[in-house]
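Secondary and tertiary structure notes
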Amino acid sequence: MTATKICALDELEVNQAIKVEIDGVAIALVRDAAGDVFAIGDTCTHGDISLSEGFVEGQTLECWAHGSMFSLTTGKPLSLPAYDPVPVYNVELIDGFVFVDPSVTVAV
């Protein structure tokens, strides 16, 4: 599979997450305060909750339902009640556009 063009970088709000779906894979796409873009699995491993509805704090995404915070770089939960990580997908910025390939994980 090749990377899919998601949106223009300027369309991503800082410290906000959006949900995108590529070939049936739900992904939370985040642009942090430093301007870095991350793509992680959108489903909290503690419950069937969309992480993109949560809160961005630094390089973490917090599940709004139970407060588990996931690292945007490793996918690992940094707080309970989640124990299992979410996948982290490769993000490419090309000519001002964001591309994600859900078949390429950089962390799991």
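Cut-offs used in this document
Residues numbered from 1 in each chain as written. Predicted model: local features only at pLDDT ≥ 70, side-chain atom pairs only at ≥ 80, totals over all residues. Heavy atoms only, no water. Phe/Tyr/Trp six-rings, centres within 6.5 Å; stacked < 30°, edge-to-face > 60°. Lys NZ or Arg CZ within 6 Å of the ring centre and 35° of its normal. Helix = DSSP H or I, 4+ residues; strand = E, 2+ residues; numbered from the N terminus. Buried < 20%, exposed > 50% of the residue type's maximum accessible area, 1.4 Å probe, protein only. Contact = heavy atoms within 4.5 Å.

Looking at an unreviewed UniProt entry, one finds the protein named Non-heme iron oxygenase ferredoxin subunit, with Cryobacterium lyxosi as its source organism.

Here we look at the packing of aromatic side chains
According to the stated counting rule, one finds zero aromatic pairs in the structure shown. Stacked on the ring of Phe97, the Lys or Arg Lys5 has its end atom at 3.8 Å from the ring centre.

Observations regarding the environment of Leu12
For Leu12, the position within the fold is in the loop between strand E1 (4–8) and strand E2 (16–22). What makes Leu12 buried here is its relative accessible area of 5%. Taking the C-alpha atoms as reference points, Leu12 and Val30, separated by 18 residues in sequence, lie 7.5 Å from one another. Beyond its immediate sequence surroundings of up to four residues, Leu12 is in contact with Cys7, Ile18, Leu29, Arg31, Val37 and Val98.

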